[in-house]
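Examination of the molecular architecture
One-letter residues, chain by chain:
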Amino acid sequence: PVFLISGLWNGWGFDVMTKAGEKSSSTKDPSDGAVFRYDLILGDDGIAEFQIVMDDWGGEHQPNASKWLPAMNPSLKEAQRRLYPNKPKAGLGEAFVCGPDNRGHGLNWMISGSPGQKFRVTLNPLAEGQKVVWWTDAHQAITDA
């Protein structure tokens, strides 16, 4: 599957999440096969709200919008396979993951920090409960990777 992230910073458009290990060096962790990541920078308000959209059409990094979106209206509101928290503006560890389905309009994860701060959002679609989606300060995440 291909996982896309949609949030305030990209106008609720879609950016592809990178499969862990694809860009990394020779120190690949075998457990990284199911982990997807996305690095973002907080805007002037220091907040990023987001959801994740799943596309299991099988291509490499080319979202097939017709599979999960009406062809003429590619917006998050219309996405058919969303992953989202069970409560609005959920912080880290504050909610369980729901979906994939099309019922999560207005139910977003929310990262708070300083304007310009970098975060890495990580998705493990094989995990269960609160640890499916998490984020860390990108400097820490890069050092830990």
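Below is a summary of the structure that appears in this document. (Residues numbered from 1 in each chain as written. Predicted model: local features only at pLDDT ≥ 70, side-chain atom pairs only at ≥ 80, totals over all residues. Heavy atoms only, no water.)

A look at the overall build of the protein
- A count of helices and strands for the protein gives two helices and ten strands.
- Its helices and strands taken in sequence order, the protein reads β-β-β-β-β-α-β-β-β-β-β-α from the N to the C terminus.
- Counting every position in the protein, which comprises 145 residues, the buried fraction comes to 37%.
- Considering only residue pairs separated by 6 or more positions, the protein has 55% of its internal contacts joining residues 24 or more positions apart.
- If you sum the accessible surface of the protein, you get close to 7900 Å²; carbon and sulfur atoms cover 51% of it. (Helix = DSSP H or I, 4+ residues; strand = E, 2+ residues; numbered from the N terminus. Buried < 20%, exposed > 50% of the residue type's maximum accessible area, 1.4 Å probe, protein only. Contact = heavy atoms within 4.5 Å. Areas by Shrake-Rupley, 256 points an atom, 1.4 Å probe, with all protein chains shown as cover.)

Re the pairing of strand β6 (residues 82–85)
- With burial as the criterion, each face of β6 is covered, one bearing Arg-82 and Tyr-84 and the other bearing Leu-83 and Pro-85.
- Where strand β5 (residues 47–55) lies against β6, two bridges are found, and the strand directions are antiparallel. The residue of β6 that forms the bridge with Val-53 is Arg-82.
- The pairing of β6 with strand β7 (residues 97–101) spans three bridges and is antiparallel. Within the sheet, the bridge partner assigned to Tyr-84 lies in β7 and is Cys-98. (Pairing = 2+ DSSP bridges.)

A short note on the nonpolar core
- With 22 residues, the main nonpolar core has Met-17, Phe-50, Ile-52, Ile-111, Val-121, Leu-123 and Val-133 as its most contacted residues.
- At the level of secondary structure, the elements contributing two or more residues to this core comprise β1 (2–7), β4 (36–41), β5, β8 (109–112), β9 (118–123) and β10 (133–137).
- At four residues, β5 tops the list of elements feeding residues into this core.
- Contact partners of Leu-123, with chain neighbours within four places excluded, come to Phe-3, Met-17, Ala-34, Val-35, Phe-36, Ile-52, Leu-83, Val-132 and Val-133. (Core = buried A, V, L, I, M, F, W, Y, C linked by side-chain atoms within 4.5 Å.)

Remarks on the pattern of salt bridges
- One pass over the full model with this rule turns up two salt bridges.
- Measuring nitrogen to oxygen at the nearest pair gives 2.8 Å for the salt bridge that ties Arg-120 to Asp-39. Here Arg-120 is found in strand β9, whereas its partner Asp-39 is found in strand β4, with 81 residues between them in sequence.
- For Asp-39, a relative accessible area of 39% gives the class partly exposed.
- Across the pair Asp-101 and Arg-103 runs a salt bridge whose closest N-O atoms are separated by 3.2 Å. (Salt bridge = Lys/Arg side-chain N within 4 Å of Asp/Glu carboxyl O.)

Here we look at the sheet that holds β9
- Strands sit in the order β3-β4-β9-β10 across an open sheet of four strands; the sheet is antiparallel. In this open sheet, the two strands that pair with only one neighbour each are β3 (18–19) and β10.
- In the sheet, β9 pairs with β10 via five bridges, with the strands oriented antiparallel. Among the inter-strand pairings, Phe-119 is bridged to a residue of β10, identified as Asp-137.

Regarding the environment of Lys-87
- By the element assignment, Lys-87 lies in the loop between β6 and β7.
- Judged by relative accessible area, Lys-87 falls into the partly exposed class, the value being 36%.
- Considered as a pair, Lys-87 and Trp-109 are 22 residues apart in the sequence and their alpha carbons are 8.4 Å apart.
- The contacts of Lys-87, once residues within four sequence positions are left out, are Glu-94, Ala-95, Leu-107 and Asn-108.

Remarks on the side chain of Ser-6
- Along the chain, Ser-6 falls in strand β1.
- Its relative accessible area of 0% is what places Ser-6 among the buried residues.
- Among the polar contacts made by the side chain of Ser-6, one reaches the main-chain carbonyl oxygen of Gly-13 at a distance of 2.8 Å. (Polar contact = N/O pair within 3.5 Å; in protein donor to acceptor, adjacent residues only side chain to side chain.)

Purely spatial values, then, with no claim about function.
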